[in-house]
Amino acid sequence: MDRLLTRPATVLVLAAAAVAAAGAAWLWLGERAMAQPHALEWSARTFWMAVVMWQSMMVAMMTPAVAPWVGAYAGLVGTRAGHTLASSSSFASGYFVVWLGYSVLAALLQVAAGTLGVLSHQGASNLVAGTVLIGAGAFQFAPVKHACLAHCRNPLSYLLSRWVDGPIGGFRLGLTHGAYCVGCCWLLMLTGFAVGLMNLAWMAVLTVVVSLEQGTRGGVRLGRLFGAALIAWGIGLCWTA
């Protein structure tokens, strides 16, 4: 155990696997509960359930994509005397806080959509679903998308240029890099409104796409192809509305 604790990258990779599995387990266990009629009878309790649901999806989908960079940060910390697992853990917690902020906003949007009747127990209408898919697909070609994606694909120069020793510095770096990664993928996550908020198969597809887009040589091309497919799918749904 002592030897393991001296290797922050190993600990953090194991932790990343654990939280991703926990997120997927929560979604699987909560799928039936959130599908019941009371799920759209909004109250403080159901709102926070929605926040937890979105946060679970974010953790499960984003952890595989960001885990390599958490490991890289842990490796950099390990080369600097006087720093321990605390700095690396603080870096990882920065991502978690950004994801939580996005989850709160997504839950508010879910409440608004349910209140306006745009989102029902059966899901969104073909017109709404198609519009969401077209918007998400078009965003894959947007300049801001590719600016965020370029940062997410290779943040090492940014991490080194903004480096501040200690847990607080690690947290700030994780917060900033996490914001770029959410900026890269936020509309893809909202496609859950079109295909089902608790659709585990779609969550798996997004996990693979986000991971390949951010971590492989052909990721940019893959993201554009996926965007084109979303646009075509969305047009098809709008056509049948």
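Let me begin by describing the structure that accompanies this report. (Residues numbered from 1 in each chain as written. Predicted model: local features only at pLDDT ≥ 70, side-chain atom pairs only at ≥ 80, totals over all residues. Heavy atoms only, no water.)

1. Brief notes about the overall build of the protein
Thinking step 1. A count of helices and strands for the protein gives 11 helices and two strands.
Thinking step 2. Reading the protein from its N end, one meets helices and strands in the order α-α-α-α-β-β-α-α-α-α-α-α-α.
Thinking step 3. For the protein, buried positions account for 45% of its 241 residues.
Thinking step 4. Counted over contacts in the protein with a minimum sequence separation of 6, partners at least 24 positions apart contribute 82%.
Thinking step 5. Here the protein displays about 11,800 Å² of accessible surface, and carbon together with sulfur accounts for 70% of that area. (Helix = DSSP H or I, 4+ residues; strand = E, 2+ residues; numbered from the N terminus. Buried < 20%, exposed > 50% of the residue type's maximum accessible area, 1.4 Å probe, protein only. Contact = heavy atoms within 4.5 Å. Areas by Shrake-Rupley, 256 points an atom, 1.4 Å probe, with all protein chains shown as cover.)

2. Some points on the packing of aromatic side chains
Thinking step 1. Under the definition given, this model contains nine aromatic pairs.
Thinking step 2. A centroid spacing of 5.5 Å and a plane angle of 45° characterise the contact between Trp54 and Phe193, whose relative ring orientation is tilted. Note that Trp54 is positioned in helix H3 (residues 44-78) and Phe193 in helix H9 (residues 192-195), a separation of 139 residues in sequence. Taken individually, Trp54 and Phe193 each receive the classification buried, so the pair is uniform in this respect.
Thinking step 3. Measuring from centroid to centroid gives 6.0 Å for Trp202 and Phe226, while their planes differ by 25°, and the two rings are stacked. (Phe/Tyr/Trp six-rings, centres within 6.5 Å; stacked < 30°, edge-to-face > 60°.)

3. Comments concerning the nonpolar core
Here is a general trend for soluble globular proteins: nonpolar side chains tend to be buried in one another's company.
Thinking step 1. Trp54, Met62, Trp99, Tyr102 and Met189 are the most contacted members of the largest nonpolar core, which totals 56 residues.
Thinking step 2. Per-element tally for this core: the top contributor is H3, with 17 residues.
Thinking step 3. Non-local contacts of Met189, meaning those with residues more than four positions away in its chain, are made with Trp54, Met58, Met61, Met62, Tyr102, Leu206 and Val210. (Core = buried A, V, L, I, M, F, W, Y, C linked by side-chain atoms within 4.5 Å.)

4. Digging into the side chain of Thr207
Thinking step 1. For Thr207, the location among the structural elements is in helix H10 (residues 200-215).
Thinking step 2. By relative accessible area, which is 13% here, Thr207 ends up buried.
Thinking step 3. A distance of 2.8 Å separates the side chain of Thr207 from the backbone oxygen of Met203, its partner in a polar contact.
Thinking step 4. In this structure Thr207 touches Ala60, Met61 and Pro64, once residues within four positions along its chain are discounted. (Polar contact = N/O pair within 3.5 Å; in protein donor to acceptor, adjacent residues only side chain to side chain.)

5. Digging into helix H5 (residues 126-139)
Thinking step 1. Over its 14 residues, H5 extends 20 Å from the first C-alpha to the last, a length consistent with the 20 Å expected when each residue adds 1.5 Å.
Thinking step 2. Within H5, burial applies to Ala129, Gly130, Leu133, Ala136, Gly137 and Phe139. (Expected span 1.5 Å × (residues − 1).)

6. Some thoughts on the side chain of His146
Thinking step 1. Mapped onto the fold, His146 is located in helix H6 (residues 143-153).
Thinking step 2. Given a relative accessible area of 19%, His146 falls into the buried group.
Thinking step 3. For His146, the contacting residues outside a window of four places in its chain are Gln140, Phe141, Val220 and Arg224.

7. Focus: the packing of H6 against helix H8 (residues 167-190)
Thinking step 1. In contact at an axis separation of 8 Å, H6 and H8 are set at 135° when each is read in the N-to-C sense. By the criterion of interaxial angle, the relationship of H6 to H8 is oblique. Handedness of the crossing formed by H6 with H8: left-handed. Across the interface between the two elements, Lys145, Cys148, Leu149, His151 and Cys152 of H6 pack against His177, Tyr180, Cys181, Gly183 and Cys184 of H8.
Thinking step 2. Considered class by class, the residues forming the contact of H6 with H8 number six nonpolar, three polar and one charged. (Axes fitted to C-alpha atoms, helices over the stretch in contact; angles between N-to-C directions. Parallel < 35°, antiparallel > 145°, perpendicular 65-115°, else oblique. Left-handed = near helix turned anticlockwise from the far one by under 90°. Nonpolar A, V, L, I, M, F, W, Y, C, P; charged D, E, K, R; others polar.)

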